[in-house]
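# Observations on the three-dimensional arrangement
Single-letter residue listing:
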Amino acid sequence: MPSAPATPTVFPWAAGPAGTPSESTARLRPVPVRRPARAAAAVACVVLGVGLIGGAVTGSWLTGDSAAEPAARDDYTVARGLWHSAPVDTLFPRTLKGDGAGPGGSDRRWTRIGVAPDSTCAATLDPLLERVLRPLGCSRVVRATYADATSSSVITVGLVFTRGDATAMGALRTRFRVDDLTERTDLMPRTFPVEGTVAATFGAAQRASWTVNVLTEVPVVVYAVSGFADGRPVTSPQPADHAMADGATTPAAQAGLGHEAKGVADRIERGLRKAVGAGTAAPR
């Protein structure tokens, strides 16, 4: 995800040298007889035509007629290219602010401690999760790992970019909901441990809570998985929605790890939508 250098505006026209009238000797021709009535009619037609054109243009400006303006880029087209065109700090900010995102509405704050190189879906996702996403045409995965302000929990968040259209994304979202795929531990995303940090031992056994969200306005699947920063294994991981429920007593719930996964995923998702919006604002 290299930072794309700013491209100077290039205008579609160029001012060339003014033409020089040709000076040549030509045989003079008789001057036609002027007909005032015909000339007046021609002038009237020209004036009427200019008025109609000007009125149409002015009307399109006032009404915002999209047919008179450059077409905005499609959200799906823009989103598909963000994994390599957007700066890393756009997709994964150095810090995330989670006002009210913790247990009981407490504020949270997360710091990015590592970003993984972009990778293929087969090399990054759990085999079963990759198989579920395969019909979409999984193209690329980008990931980062965050730690909370107390360095007691770590969270890996990922963006799976697909080649699916709106219909395919909607169908997969429905399948996740109807078949309760978000609750299956065998579809839990993998972690991204970062050597030399509090997430150095954040592996498969340390996963405590997770969330997976299939978006429909863009061809992206957002996921996050959280765990303890001290490397302790978790024998009963719990989906974020369950760990955040009132009365939940699992270690993940009591430590607020459901809130950690959900909070980080939500904020990365918001940033993605903002990046897509900025991209679609520019004309083709």
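Procedures and definitions
- Residue indices follow the written sequence of each chain, beginning from 1 at its first position.
- Only residues with pLDDT of at least 70 are given local features in this predicted model, and only at 80 or more are side-chain atom pairs given and counted; all residues enter the totals for whole chains, interfaces and linings.
- The basis for every side-chain value is the complete set of heavy atoms in the structure, and neither hydrogens nor water enter the calculation.
- Each helix is a run of H or I in the DSSP string that is no shorter than four residues. Each strand is a run of E no shorter than two, and both are numbered from the N terminus.
- Residue exposure (1.4 Å probe, protein chains only): buried if accessible area is under 20% of the type maximum, exposed if over 50%, otherwise partly exposed.
- Note on contacts: a residue pair is in contact if any heavy atoms of the two residues lie within 4.5 Å.
- Per-residue and other accessible areas were derived by the Shrake-Rupley procedure at a 1.4 Å probe size, with only the shown protein chains allowed to occlude residues.
- Note that a disulfide, as used here, is simply two cysteine sulfur atoms within 2.5 Å.
- For two strands to be treated as a pair, DSSP must find at least two bridges joining them.
- Only the stretch in contact is used when a helix axis is fitted, and all axes are lines through C-alpha atoms; the angle between N-to-C directions ranges over 0 to 180 degrees.
- Polar contact is the term for a pair of N or O atoms within 3.5 Å; when the atoms are in protein, one must be able to donate a hydrogen and the other to accept it, and sequence-neighboring residues count only if both atoms are side-chain atoms.
- The rule is short: rings of Phe, Tyr and Trp, with Trp giving its six-membered ring, pair when the centres are within 6.5 Å, and they are stacked under 30 degrees, edge-to-face over 60, tilted in between.
- For a ring to carry a charge above it, either NZ of a lysine or CZ of an arginine must fall within 6 Å of the ring centroid while also lying within 35 degrees of the normal to the ring plane.
- Among buried residues, those of type Ala, Val, Leu, Ile, Met, Phe, Trp, Tyr and Cys that are joined through side-chain atoms within 4.5 Å constitute a nonpolar core.
- When a carboxyl oxygen of Asp or Glu is within 4 Å of a side-chain nitrogen of Lys or Arg, the pair counts as a salt bridge.
- Take the number of residues in a helix, subtract one, and multiply by 1.5 Å to get its expected span.
- The directions considered for the arc run from the helix axis to the C-beta atoms.

Another point: the overall build of the protein chain. Secondary structure assignment for the protein chain yields ten helices and seven strands. Expressed as a percentage of its 284 residues, the buried residues of the protein chain come to 39%. Contacts in the protein chain between residues far apart in sequence, at least 24 positions, make up 71% of those at least 6 positions apart. With the model as given, the accessible surface of the protein chain reaches about 16,300 Å², and the carbon-plus-sulfur share is 57%.

Working definition: the covalent bond between the sulfur atoms of two cysteines is a disulfide. All chains considered together, the criterion is met by one disulfide. Disulfide pairing is shown between cysteine 121 and cysteine 138; the S-S distance is 1.6 Å. Here the disulfide of cysteine 121 and cysteine 138 is left-handed, its torsion about the S-S bond being about -80°. Here the residue cysteine 121 occupies a position in helix H5 (residues 121–124), and cysteine 138 occupies one in strand S3 (residues 138–148), the gap between them amounting to 17 residues. With respect to class, cysteine 121 is no different from cysteine 138; both count as buried.

Spatial strand order, S1-S2-S3-S4-S6-S5-S7: seven strands in an open sheet with mixed pairing. In this open sheet, the two edge strands, each paired with only one partner strand, are strand S1 (95–98) and strand S7 (238–239). Packed on one face of the sheet, helix H7 (residues 166–178) meets strand S4 (153–162), strand S5 (209–214) and strand S6 (220–228) and runs near 145° to S5.

Structurally, serine 226 is set in strand S6. Given a relative accessible area of 0%, serine 226 falls into the buried group. From its side chain, serine 226 meets the backbone oxygen of leucine 257 in a polar contact 2.8 Å long. In this structure serine 226 touches Val154, Ile155, Phe202, Gln206, Arg207, Ala208, Ser209, Leu257, Glu260 and Ala261, once residues within four positions along its chain are discounted.

Right, let's talk about the packing of aromatic side chains for a bit. Under the criterion given, the structure shown has zero aromatic pairs. Its end group placed over the ring of phenylalanine 228, arginine 232 keeps NZ or CZ at 4.0 Å from the ring centre.

Counting 28 residues, the largest nonpolar core has Phe92, Tyr146, Leu159, Val220, Val264, Ile268 and Leu272 as the members making the most contacts within it. Only helix H3 (82–85), S3, S4, S6 and helix H10 (257–280) provide two or more residues apiece to this core. The element that contributes the greatest number of residues to this core is H10, accounting for seven residues. Each residue touching leucine 159, except ones within four places of it in the same chain, is listed here: Leu91, Phe92, Arg140, Val141, Val142, Val220, Val221, Val222, Ile268 and Leu272. One finds Val132, Cys138, Leu172 and Met188 within the second-largest nonpolar core, a separate group that totals 22 residues.

The subject of this paragraph is the environment of serine 139. Among the structural elements, serine 139 can be located in strand S3. Sequence separation of serine 139 and serine 119 is 20 residues, and the distance between their C-alpha atoms is 8.9 Å. Here phenylalanine 161 takes part through its backbone oxygen, which lies 2.7 Å from a polar atom of the side chain of serine 139.

Although it is not a glycine, serine 151 adopts a positive phi angle of roughly 60°. Take serine 151: it is sitting in the loop between S3 and S4. A positive phi angle is found at aspartate 180, which is not glycine, with a value near 55°. Tracing the sequence through the fold places aspartate 180 in the loop between H7 and S5.

In total, this model carries eleven salt bridges according to the counting rule given. Two residues, aspartate 186 and arginine 184, come together in a salt bridge whose shortest N-O distance is 2.8 Å. For arginine 273, the salt bridge is made with glutamate 217, and the minimal N-O distance between the two is 2.3 Å. Taken together, the residues span a long stretch of sequence, with arginine 273 in helix H10 and glutamate 217 in the loop between S5 and S6 at a distance of 56 residues. Residue glutamate 217 is classed as partly exposed on the basis of its relative accessible area of 29%. Several salt bridges converge on common partners, so that one network encompasses Asp89, Arg94 and Arg112.

A few words now on H7. In a regular helix each residue adds 1.5 Å, so 13 residues correspond to 18 Å; H7 covers 18 Å between its end C-alpha atoms and thus fits that length. Residues Met169, Leu172 and Phe176 constitute the buried set of H7. The arc that holds every buried residue of H7, seen down its axis, measures 65°, which confines them to one face. Pointing more than 90 degrees away from the buried face of H7 are the exposed residues Thr167, Arg177 and Val178. Here the buried face of H7 lies against helix H2 (75–80), helix H6 (127–133), S4, S5 and S6. Looking one or two places after H7, you find aspartate 180, whose phi comes out positive at around 55°.

The analysis is restricted to geometry; functional conclusions fall outside its scope.
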